[in-house]
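Residue strings, one per chain:
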Amino acid sequence: MKIIKPSYEILDQIDGQAILKKLELIGRLSHKSEDRITKTSAAPFVKKLIDLGDESVLEHASITVRFICDRGVSHELVRHRLMAVCQESTRYCNYSKGKFGEEITVIQPCFFVPDDFYKSKYASWIRACNIAEMYYFELLENGATPEEARSVLPNSLKTEVICTANLREWRHILLLRADKKAHPQMRELMVPLLYELQEKIPVVFDDIAERINHE
């Protein structure tokens, strides 16, 4: 059994200034105020739209992110409807095969730390995952298909999820999933993603990052 940390990767080459200019051009269409576009007008224009709650223009730009997380976190991710999703399938992936290292891979929970007060909880988690792996392989050896054997796999099983959503939906996702009330393993991914998107695209995520900073 392999234990790894969760991670994410933005799959797009993001030009934040180009995105803002595109959004401004689209946003000014309704009032035909394109003549007010200048070299520096995009950021304040988009910020004004967000401040007013008029976020429909943000739907004209999208971002794709690959997440490596456990199955429990993935179940929360795929609940967001306005998003395209592709996920590693336990129906078809046979983890006894060589390309998977002939073992299952699990995500280390951020709340079970090996070398502190919680090490006994970490040890219990390790034992549970090892037992699940043992019976998963036993089921395969006894003729079960991967989609049948997966019934014993733990929530901690590593999965990969690729999500594409427009900026308005990413704002919604991050407001929910980076919030202090979100699951710790979800925040482990979403808080750094929020800060990276804020760095890459001016204005669009500033208010959400400020809210998280003041929690």
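Below you will find a few notes about this structure. Here the residue index of a chain counts from 1 through its sequence in written order. Given that the model is predicted, a residue must reach a pLDDT of at least 70 before its local features are reported, and side-chain atom pairs must reach 80 or more before they are shown or counted; all residues, however, enter totals for whole chains, interfaces and linings. Water and hydrogen atoms play no part in the side-chain values, which are based on all heavy atoms of the structure.

**Examining a nonpolar patch on the surface**
(1) Moving on: Residues enter patches when they are more than 30% accessible in relative terms and free of salt bridges; like-charged ones are connected within 9 Å and nonpolar ones (Val, Leu, Ile, Met, Phe, Trp, Tyr) within 5 Å. Exposure was quantified through the Shrake-Rupley algorithm and a 1.4 Å probe, taking into account, for residues, occlusion by the shown protein chains and nothing else. Each reported salt bridge corresponds to a side-chain nitrogen of Lys or Arg within 4 Å of a carboxyl oxygen of Asp or Glu. Together, Ile131, Met134, Tyr135, Leu139 and Val152 make up an exposed nonpolar region whose accessible area comes to about 410 Å².
(2) Moving on: Working definition: helices are DSSP H or I runs of at least four residues, strands are E runs of at least two. Numbering for both runs from the N terminus. In this fold, tyrosine 135 is placed in helix H4 (residues 119-141).
(3) Moving on: Residue burial is assigned from relative accessible area. The probe radius is 1.4 Å, only protein chains are included, and a residue is buried under 20% of its type maximum, exposed over 50%, and partly exposed in between. Its relative accessible area of 39% is what places tyrosine 135 among the partly exposed residues.

**As for the packing of aromatic side chains**
(1) Moving on: Stacked, tilted and edge-to-face pairs are distinguished by plane angle, under 30 degrees for stacked and over 60 for edge-to-face with tilted covering the rest, among Phe, Tyr and Trp rings (Trp via its six-membered ring) whose centres lie within 6.5 Å. By the definition in use, this model includes 6 aromatic pairs.
(2) Moving on: One aromatic cluster is present, formed by Tyr95, Phe100, Tyr136 and Phe137 through successive ring pairs.

**What to know about the nonpolar core**
(1) Moving on: What makes a nonpolar core is a set of buried Ala, Val, Leu, Ile, Met, Phe, Trp, Tyr and Cys residues whose side-chain atoms join them at distances within 4.5 Å. Val46, Phe67, Leu167, Trp170, Met190, Leu193 and Phe205 are the most contacted members of the largest nonpolar core, which totals 41 residues.
(2) Moving on: Elements supplying a minimum of two residues to this core: helix H1 (16-27), helix H2 (42-51), strand E3 (62-70), helix H3 (71-77), strand E6 (158-166), helix H6 (167-177), helix H7 (184-200) and helix H8 (206-213).
(3) Moving on: In terms of residues, this core owes the most to one element, H7, which gives 7 residues.
(4) Moving on: Contacts: residue pairs with any heavy atoms within 4.5 Å of one another. Residues contacting phenylalanine 67, with those up to four places away along its chain left out, are Ser7, Tyr8, Leu77, Thr159, Glu160, Val161, Cys163, Trp170, Leu189, Met190 and Leu193.
(5) Moving on: If you look at the next biggest cluster of nonpolar residues, it comprises 15 residues, including Ile104, Tyr122, Cys129 and Leu157.

**Considering the packing of H7 against H8**
(1) Moving on: Only the contacting stretch of a helix is used when fitting its axis, a line to C-alpha atoms as for every element, and angles between N-to-C directions run 0 to 180 degrees. As a packed pair, H7 and H8 sit with axes 9 Å apart at the nearest point and diverge in direction by 135°. Regarding the angle of H7 to H8, the classification is oblique. Handedness of the crossing formed by H7 with H8: left-handed. Residue-level contacts link Arg187, Leu194, Tyr195 and Gln198 of H7 to Asp206, Ile208, Ala209, Ile212 and Asn213 of H8.
(2) Moving on: Under the scheme applied here, ten amino acids are nonpolar (Ala, Val, Leu, Ile, Met, Phe, Trp, Tyr, Cys and Pro), four are charged (Asp, Glu, Lys and Arg), and all others, including Gly, are polar. Residue classes in the contact of H7 with H8 are distributed as 5 nonpolar, 2 polar and 2 charged. Comment on the angle field: the value is read as roughly parallel under 35 degrees, roughly antiparallel over 145, roughly perpendicular from 65 to 115, and oblique elsewhere. Whether a crossing is left-handed or right-handed is set by the direction in which the near helix is turned from the far one by less than a right angle, anticlockwise for left-handed and clockwise for right-handed.

**Quick look at the packing of H6 against H8**
(1) Moving on: Running from N to C, H6 and H8 cross one another at 5°; their axes reach a closest spacing of 10 Å. In terms of orientation, H6 and H8 fall into the roughly parallel class. For the pair formed by H6 and H8, the contact residues are Arg171, Leu174 and Leu175 on the first element and Asp207, Ile208 and Arg211 on the second.

**Quick word on H8**
(1) Moving on: Among all positions in H8, only Ile208, Ala209 and Ile212 are buried. Looking down the long axis of H8, one finds its buried residues gathered within 100° of arc, a one-sided arrangement.
(2) Moving on: Lining the buried residues of H8 we find H6 and H7. The arc under discussion is defined with respect to the helix axis, by the directions toward the C-beta atoms.

**Considerations on the pattern of salt bridges**
(1) Moving on: Across all of its chains, the model carries 14 salt bridges by this definition.
(2) Moving on: Glutamate 147 serves as the salt-bridge partner of arginine 91, at 2.6 Å between the closest nitrogen and oxygen. Placement of the pair is arginine 91 in the loop between strand E4 (84-87) and strand E5 (105-107) and glutamate 147 in helix H5 (residues 146-149), with a sequence separation of 56 residues.
(3) Moving on: For arginine 91, a relative accessible area of 37% gives the class partly exposed.
(4) Moving on: Of the charged contacts in the structure, one is a salt bridge between aspartate 207 and arginine 171, with a shortest N-O distance of 2.8 Å. One end of the pair, aspartate 207, is in helix H8; the other, arginine 171, is in helix H6, with 36 residues separating them in the sequence.
(5) Moving on: What emerges from the salt-bridge pattern is a single network uniting Glu9, Arg66, Glu88, Lys158 and Glu160.

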